[in-house]
Amino acid sequence: KRGTIGVFNRSHYEDAVTVAVKHLVPEPIWSKRVGHINDFERMLTDEGTVIIKFFLHISKDYQKERLQRRLDRPDKHWKFNVADLEERARWGKYQDRYSEVMQQTSQDHAPWYVVPAERRWFRNLLVTKVLVDKLEAMNPKPPKADFDPKSIVIE
């Protein structure tokens, strides 16, 4: 709906990354997904949607620290998943595929912003700056009433 701000969390792009890295579907299927993403985003922007994409980047060393904290701290055990270690072994393949997908899907109408995310305050500052700049450029206004407010009497 026009005037709505929404957040879409990555699954669209995961279909172009994870399925390729893990060979979940044949290449003729996953290789088309980048084009589908671009077509979808073009359709959305043609209809008035503003798309801003953030890739919150952490290093492999920082990911290791985070995983270790999840093991070391009982209050973080719930976040640890043994399958994360298998995924970590594919770090290089994931980075290569993310790079390809972001290069292919970062368009003028739907740009990617790669944000260093190891320091939360800095990550939040950068994301907020991009969002504020975009909102200021859009200059959103509340919709006009479809009635005359002065003609209504509430008793």
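The structure this text deals with has already been given above.
No experiment lies behind these values; they were computed from the predicted model shown. (Residues numbered from 1 in each chain as written. Predicted model: local features only at pLDDT ≥ 70, side-chain atom pairs only at ≥ 80, totals over all residues. Heavy atoms only, no water.)

Q: Honestly, the environment of Y98 in this entry has me stumped. Any pointers?
A: Here Y98 is to be found in helix α6 (residues 91–105). For Y98 and A16, which are 82 residues apart along the polypeptide, the C-alpha to C-alpha distance reads 8.6 Å. Not counting residues up to four positions away in its chain, the partners in contact with Y98 are E14, V17 and F55. (Helix = DSSP H or I, 4+ residues; strand = E, 2+ residues; numbered from the N terminus. Contact = heavy atoms within 4.5 Å.)

Q: Explain the side chain of E41 to me, please; I cannot follow it from the model alone.
A: Tracing the sequence through the fold places E41 in helix α3 (residues 33–46). Side chain to side chain, E41 and K53 meet in a polar contact 2.8 Å long. (Polar contact = N/O pair within 3.5 Å; in protein donor to acceptor, adjacent residues only side chain to side chain.)

Q: Where do I start with the packing of helix α1 (residues 11–21) against α3 in this structure?
A: How two helices sit against one another is set out by the angle between their axes and by the gap between those axes. Axis separation between α1 and α3 bottoms out at 9 Å; the angle between their running directions is 170°. Classified by the angle their axes make, α1 and α3 are roughly antiparallel. The two elements α1 and α3 meet at a crossing, and its hand is left-handed. Residues H12, Y13, D15, A16 and V19 of α1 form the contact with α3, whose participating residues are R33, V34, I37, F40 and E41. (Axes fitted to C-alpha atoms, helices over the stretch in contact; angles between N-to-C directions. Parallel < 35°, antiparallel > 145°, perpendicular 65-115°, else oblique. Left-handed = near helix turned anticlockwise from the far one by under 90°.)

Q: Is there a simple way to explain a nonpolar patch on the surface in this structure?
A: Judged by side-chain polarity, I5, V50, L135 and M138 come together as a nonpolar surface patch covering roughly 380 Å² of accessible area. Residue position: L135 is located in helix α7 (residues 120–138). With a relative accessible area of 36%, L135 lands in the partly exposed category. (Patch = residues over 30% accessible without salt bridge, like charges linked within 9 Å, V, L, I, M, F, W, Y side chains within 5 Å. Areas by Shrake-Rupley, 256 points an atom, 1.4 Å probe, with all protein chains shown as cover. Salt bridge = Lys/Arg side-chain N within 4 Å of Asp/Glu carboxyl O. Buried < 20%, exposed > 50% of the residue type's maximum accessible area, 1.4 Å probe, protein only.)

Q: How do you make sense of the nonpolar core when you look at a structure like this?
A: One recurring pattern in soluble globular proteins: nonpolar side chains tend to sit buried together. Among the nonpolar cores identified, the biggest contains 12 residues, and these are Y13, A16, V17, V21, V34, I37, F55, Y94, Y98, V101, M102 and W112. Elements represented by at least two residues in this core include exactly α1, α3 and α6. If we ignore the near neighbours within four places in the chain, the residues touching V34 are A16, R97, V101, Q104 and T105. (Core = buried A, V, L, I, M, F, W, Y, C linked by side-chain atoms within 4.5 Å.)

Q: What am I meant to see in the environment of P116 here?
A: Within the element layout of this structure, P116 appears in strand β2 (residues 112–116). The sequence separation of P116 and V101 amounts to 15 residues, and the corresponding C-alpha distance is 18 Å. With near-sequence residues (within four places) excluded, P116 lies in contact with H57, F122, R123 and L126.

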